[in-house]
Amino acid sequence: MAGNEDRRVRRSREALGDALISLMQEKAFDGITVQDVLDRAGVGRSTFYAHYKDKDDLFLSDAEEFLEMMSNRLSRKGDVSDRVLPVEELFAHVAEMRKLVEALVDSGRIHDFFELAQGCFARGIERRLEDLPRSQHLAAETRAAMGQALAGALLSLLRSWLKQGAAKPAREMDALFHQLVWSGVQKL
């Protein structure tokens, strides 16, 4: 019974997150009501409030889940490359979701997203540096500091790439980021 309940909870949370993302691409975040999300998701009010305080909580929870998934993707898939984050996949996803990115910018929620991303990516990079042979010589404090610095560099690179209209292929951005990573690690 618990397995079915877990699946129902997961389905409800996914439906709510998908509904909010869909609505954000259609209208301003501040113009979206919890009822709009409920109607789009086909989920009841009590179910919503069992998981979230409000639509901001839903947004942040959904964003954090996505960012954690991205930051752990390489390790989960058993990737043996020297990549510390799936930058190509992240940039490609962002390019596909341009309307959502514009909605985040318009609503002022992009700052919340980038703040969450900084923490998630810093932790993911730190874990990956610990696992990769090329960086195991680094002390734990150095890996933590590099995780923070490299997450910031990645987000700056992403902002710049978006401002330039996502003109360069995501694969090139991945190569550029990882060149930065490993040139820095080699100097330590």
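All figures in this text were calculated on a predicted structure; none of them were measured in a lab.

Colleague: An account of a positive patch on the surface is needed here, citing residue identities and associated values.
Modeller: Taken together, the side chains of Arg7, Arg8, Arg10 and Arg11 define a basic patch exposed on the protein surface. Position of Arg11 relative to the elements: it lies in helix 1 (residues 2-24).

Colleague: So what about the nonpolar core? Which residues, and what values?
Modeller: Grouped together as the largest cluster of nonpolar side chains are 56 residues, with contacts concentrated most on Leu16, Met24, Phe91, Phe121 and Phe177. Mapped onto this core, the elements with two or more residues apiece are helix 1, helix 2 (34-41), helix 4 (55-76), helix 5 (87-96), helix 6 (98-107), helix 7 (110-131), helix 8 (140-163) and helix 9 (170-186). Residues in contact with Phe121, not counting those within four places in the same chain, are Leu67, Met70, Ser71, Leu85, Leu90, Ala151, Leu154 and Leu155.

Colleague: A description of the layout of surface pockets should follow, citing residues and the corresponding values.
Modeller: Counted as a void, the largest pocket has a volume near 470 Å³. The wall of the largest pocket is formed by 23 residues, among which Ile21, Phe66, His93, Leu100 and Phe113 lie closest to the centre. Of all the secondary-structure elements, those providing two or more residues to the lining of the largest pocket are helix 1, helix 4, helix 5, helix 6, helix 7 and helix 8. Sorting elements by how many residues they give to the lining of the largest pocket places helix 4 first, with eight residues. Its residues placed into classes, the lining of the largest pocket shows 18 nonpolar, one polar and four charged. Along the walls of the second largest pocket sit Arg98, Val101, Glu102, Val105, Ile110, His111, Phe114, Arg159, Leu162 and Lys163, which together make up its complete lining. For the lining of the second largest pocket, the element with the most residues is helix 6, which contributes four residues. Here the residues of the lining of the second largest pocket are counted per class, giving five nonpolar, one polar and four charged.

Colleague: An account of the packing of aromatic side chains is requested, with residue identities and associated values reported.
Modeller: Summed over the entire model, instances satisfying the criterion amount to five aromatic pairs. Ring geometry for Phe48 versus Tyr52: centroids 5.6 Å apart, planes at 45 degrees, classification tilted. The same class applies to Phe48 and to Tyr52, which are both buried. Seen from their ring centres, Phe113 and Phe114 are 6.0 Å apart, and the 75 degrees between their planes marks the pair as edge-to-face. Taking the relative accessible area as the measure of exposure, Phe113 reaches 14% and is therefore buried.

Colleague: An account of the side chain of Arg143 is requested, with residue identities and associated values reported.
Modeller: You can see Arg143 is positioned in helix 8. The side chain of Arg143 is buried and forms no salt bridge, while Glu130, the nearest opposite charge, is found at 4.3 Å. With residues near it in sequence (within four places) discarded, Arg143 still touches Glu126, Leu129, Glu130, Ser135, Gln136 and Leu138.

Colleague: Before we move on, can you summarise the pattern of salt bridges with the specific residues and values?
Modeller: Opposite charge on two side chains allows them to pair when their charged atoms are near. Applying the stated criterion to the full structure yields ten salt bridges. Among the salt bridges present, the one from Glu26 reaches Arg40, with a minimum N-O distance of 2.9 Å. With Glu26 in the loop between helix 1 and helix 2 and Arg40 in helix 2, the pair connects residues that are 14 residues apart, well separated along the chain. Given the relative accessible area of 53%, Glu26 is considered exposed. The class for Arg40 is partly exposed, based on a relative accessible area of 38%. Close ionic contact of Asp79 with Arg128 constitutes a salt bridge, the shortest N to O distance being 3.0 Å. Separated by 49 residues along the polypeptide, Asp79 in the loop between helix 4 and helix 5 and Arg128 in helix 7 bring together distant segments of the chain. Of the residues examined, Arg128 reaches a relative accessible area of 5% and is grouped as buried. Linked by salt bridges that have partners in common, Asp30, Asp56 and Arg109 make up one network.

Scoring rules and cut-offs
- Residues numbered from 1 in each chain as written.
- Predicted model: local features only at pLDDT ≥ 70, side-chain atom pairs only at ≥ 80, totals over all residues.
- Heavy atoms only, no water.
- Patch = residues over 30% accessible without salt bridge, like charges linked within 9 Å, V, L, I, M, F, W, Y side chains within 5 Å.
- Areas by Shrake-Rupley, 256 points an atom, 1.4 Å probe, with all protein chains shown as cover.
- Salt bridge = Lys/Arg side-chain N within 4 Å of Asp/Glu carboxyl O.
- Lys, Arg positive; Asp, Glu negative; His and termini not counted.
- Charge placed at Lys NZ, Arg CZ, Asp CG, Glu CD.
- Helix = DSSP H or I, 4+ residues; strand = E, 2+ residues; numbered from the N terminus.
- Core = buried A, V, L, I, M, F, W, Y, C linked by side-chain atoms within 4.5 Å.
- Buried < 20%, exposed > 50% of the residue type's maximum accessible area, 1.4 Å probe, protein only.
- Contact = heavy atoms within 4.5 Å.
- 1 Å grid on protein atoms, 1.4 Å probe; cavity = no way out; pocket = protein on both sides within 12 Å on 5 of 7 lines; lining within 4 Å.
- Points joined across faces, edges and corners; volume = space filled by probe spheres on them.
- Nonpolar A, V, L, I, M, F, W, Y, C, P; charged D, E, K, R; others polar.
- Phe/Tyr/Trp six-rings, centres within 6.5 Å; stacked < 30°, edge-to-face > 60°.

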